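A structural walkthrough
What follows is the residue order along each chain.
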Amino acid sequence: MKHKKSWAEPYRIKMVELLKMTSEKDRKKAIKEAGYNTFLLKAEDVYIDLLTDSGTNAMSDMQWSALMTGDEAYAGSKSFYNMEKAIQKYYGYKYIIPTHQGRGAENILSKILIKPGDIVPGNMYFTTTRLHQELAGGTFADIIIDEAHDPKNLHPFKGNVDLDKLDALVKKHGSKKIPYISIATNVNMAGGQPISMANLKELRAYTQKHGIRIIHDMTRVAENAYFIQQREEEYKNKSVMEIVKEICSLTDGATMSAKKDALVNIGGFMATNEWDVYEEARNMVVVYEGLHTYGGLAGRDMEAIAVGIKESLDDNHQHARVGQVEYLGHKMMEFNVPIVLPIGGHGIFVDAKEFLPHLTQDQFPSQSLAAEVYIDSGVRTMERGIVSAGRKADGTNYYPKLELVRFTMPRRVYTQAHMDVIAESIANVYDRRHKIKGLKMVYEPKYLRFFQARFEKL
Ligand code: PLI
């Protein structure tokens with residue numbers, strides 16, 4: 001008999017970071033002081049930190065060695081050219097502008113391409129991306145397929161674009177009002193769901209016909225490529241590296257938060273294939289980020305990104321990365337915890353609407369559930385529901401269909417035993433779900449409120 005092959009990690013542990021263990025009494029006090037917002041907890045009071053996969057990656061020995069070779073020249077640093085070369089080689093974009101992280105790139109790109117009154121269609125919103133589009137005078141329009149808004153729908157590519165929705169927008173506003181389509185690979189807010197190559201190719205054909213750019217939010221492009229390899233027949237014998245390059249070739253430019261797939265703790269960039277856009281971005285980056293050969297990064301950061309990009313495209317790395325997330329998801333399902341399906345790339349998204357049906361969306365079920373999980377075990381997660389969605393330009397709340405708590409997996413950080421502890425914790429909370437109360441918001445900041453809002457128990 002042949003036994004199944006597991007997803008074990010293609011690395012071993014060389015150094016460890018010790019964690020503080022806390023009591024339930026400590027955690028009840030800490031979360032109350034944090035206004036029931038997991039962003040306002042002190043990290044040292046957290047046992048397993050699943051707040052985000054952003055900047056929380058463990059770097060490899062090769063990345064740590066590369067740090068030592070960082071060239072800290074203000075201008076023309078060798079490290080910039082190393083990073084530029086890696087981006088050109090593995091992603092294929094022509095012109096590169098480094099930025100301190102993803103939103104720095106979004107700011108510059110939005111300011112250059114969007115005019116007041118423009119429409120920016122995209123495959124579901126992301127918080128910072130949409131805000132920069134709005135601050136530049138644009139209006140985001142969601143053109144993701146309907147299946148993406150249904151946590152139980154098993155569509156293998158819930159990141160796909162609905163071309164009829166796009167066509168309706170083009171007919172209504174005209175293609176001149178649409179500076180670009182914003183395409184995220186592995187859609188974060190939908191639960192880490194991929195877009196298929198077939199859909200991207202169809203979109204490419206459509207946008208070429210109408211003279212509209214595709215701008216690629218490539219924050220989790222390697223995870224998306226892995227799903228294409230696993231789920232699209234035509235790509236089953238292609239490597240993640242080849243698939244990533246092909247995805248990028250179907251787009252005109254990109255913004256990237258290197259803090260996710262590129263396996264570093266800080267960094268990002270904007271990329272474009274258009275000289276005019278590059279020229280303007282190269283000029284603008286000195287106002288907001290730093291010179292065009294460092295963009296807010298140290299030389300050592302750029303060296304680590306150059307190495308991280310290559311490591312992220314290894315098939316075995318992605319197999320273990322997604323394998324770990326799937327392991328956690330299956331454990332939670334064994335305990336009947338409702339999660340977004342199919343299991344996504346960068347974390348497990350628990351469906352708070354189904355978990356806490358006795359709470360209305362205005363009682364912040366995901367926020368409340370994230371606080372309860374922290375109290376139970378010291379596991380820190382993040383609200384991805386009505387608080388994250390924020391308010392429209394007219395001041396009314398967005399009411400997103402998905403009301404989720406994200407258990408986000410840092411790359412190469414936690415072990416399988418940690419996964420067991422996490423699943424057991426959410427199972428405990430599930431058993432006492434009927435007793436969980438909602439929250440009221442007592443402080444709301446103007447921008448990206450989920451980061452700093454404060455709550456009290458109802
Ligand atoms: O956090 P930044 O500024 O490096 O990147 C912004 C950003 C852009 N696009 C997408 C899809 C993201 O997921 C993203 C950042 N995400 C965070 C911080 C997260 O916790 O998911």
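The structure contained in this document is the topic of the report that follows. (Residues numbered from 1 in each chain as written. Predicted model: local features only at pLDDT ≥ 70, side-chain atom pairs only at ≥ 80, totals over all residues. Heavy atoms only, no water.)

Digging into the site of the ligand
Near the ligand lie 18 residues; those nearest to it are Thr52, Arg103, Asp217, Ser257 and Lys260. Between the ligand and Thr52 there is a distance of 2.7 Å, counted from an oxygen atom to a side-chain nitrogen or oxygen. At 2.9 Å from an oxygen atom of the ligand is found a side-chain nitrogen or oxygen belonging to Asn188. Across the complex, the protein chains shield 95% of the 470 Å² of accessible surface that the ligand would expose by itself. In a pocket analysis with a 2 Å cut-off to the grid points, the ligand is assigned to the second largest pocket. Looking at the shell around the ligand, the elements that each hand over two or more residues are helix 4 (102–113) and helix 5 (127–135). In terms of residues, the shell around the ligand owes the most to one element, helix 4, which gives three residues. (Near = heavy atom within 4 Å. Polar contact = N/O pair within 3.5 Å; in protein donor to acceptor, adjacent residues only side chain to side chain. Areas by Shrake-Rupley, 256 points an atom, 1.4 Å probe, with all protein chains shown as cover. 1 Å grid on protein atoms, 1.4 Å probe; cavity = no way out; pocket = protein on both sides within 12 Å on 5 of 7 lines; lining within 4 Å. Sits in = over half its atoms within 2 Å of the grid points. Helix = DSSP H or I, 4+ residues; strand = E, 2+ residues; numbered from the N terminus.)

Some points on the pattern of salt bridges
If you walk through the whole model with that rule in mind, you get 30 salt bridges. Here Arg411 and Asp53 are joined by a salt bridge, their closest N and O atoms 2.9 Å apart. A residue pair is termed long-range when its members are at least 10 positions apart, and Arg411 in the loop between strand 12 (404–408) and helix 16 (416–431) and Asp53 in the loop between strand 1 (48–49) and helix 2 (61–68) qualify at 358 residues. Each member of the pair, Arg411 together with Asp53, is buried. (Salt bridge = Lys/Arg side-chain N within 4 Å of Asp/Glu carboxyl O. Buried < 20%, exposed > 50% of the residue type's maximum accessible area, 1.4 Å probe, protein only.)

Observations regarding helix 11 (residues 299–312)
Compared with an ideal rise of 1.5 Å per residue, which puts 14 residues at 20 Å, helix 11 spans 20 Å between its outermost C-alpha atoms and is within 8% of the ideal. The complete set of buried residues in helix 11 reads Gly299, Asp301, Met302, Glu303, Ala304, Ile305, Ala306, Gly308, Ile309, Glu311 and Ser312. Against helix 2, helix 3 (78–90), strand 2 (95–99), helix 8 (221–231), strand 8 (268–272) and helix 12 (315–334) lie the buried residues of helix 11. (Expected span 1.5 Å × (residues − 1). Contact = heavy atoms within 4.5 Å.)

Some thoughts on unusual backbone geometry
The peptide bond linking Leu341 to Pro342 adopts the cis configuration, its omega dihedral lying at -10°. For Pro342, the position within the fold is in the loop between helix 12 and strand 9 (347–351). If you check the backbone angles, Asn336 has positive phi at about 70° while not being a glycine. By the secondary structure assignment, Asn336 is in the loop between helix 12 and strand 9. Judged by relative accessible area, which is 56%, Asn336 ranks as exposed.

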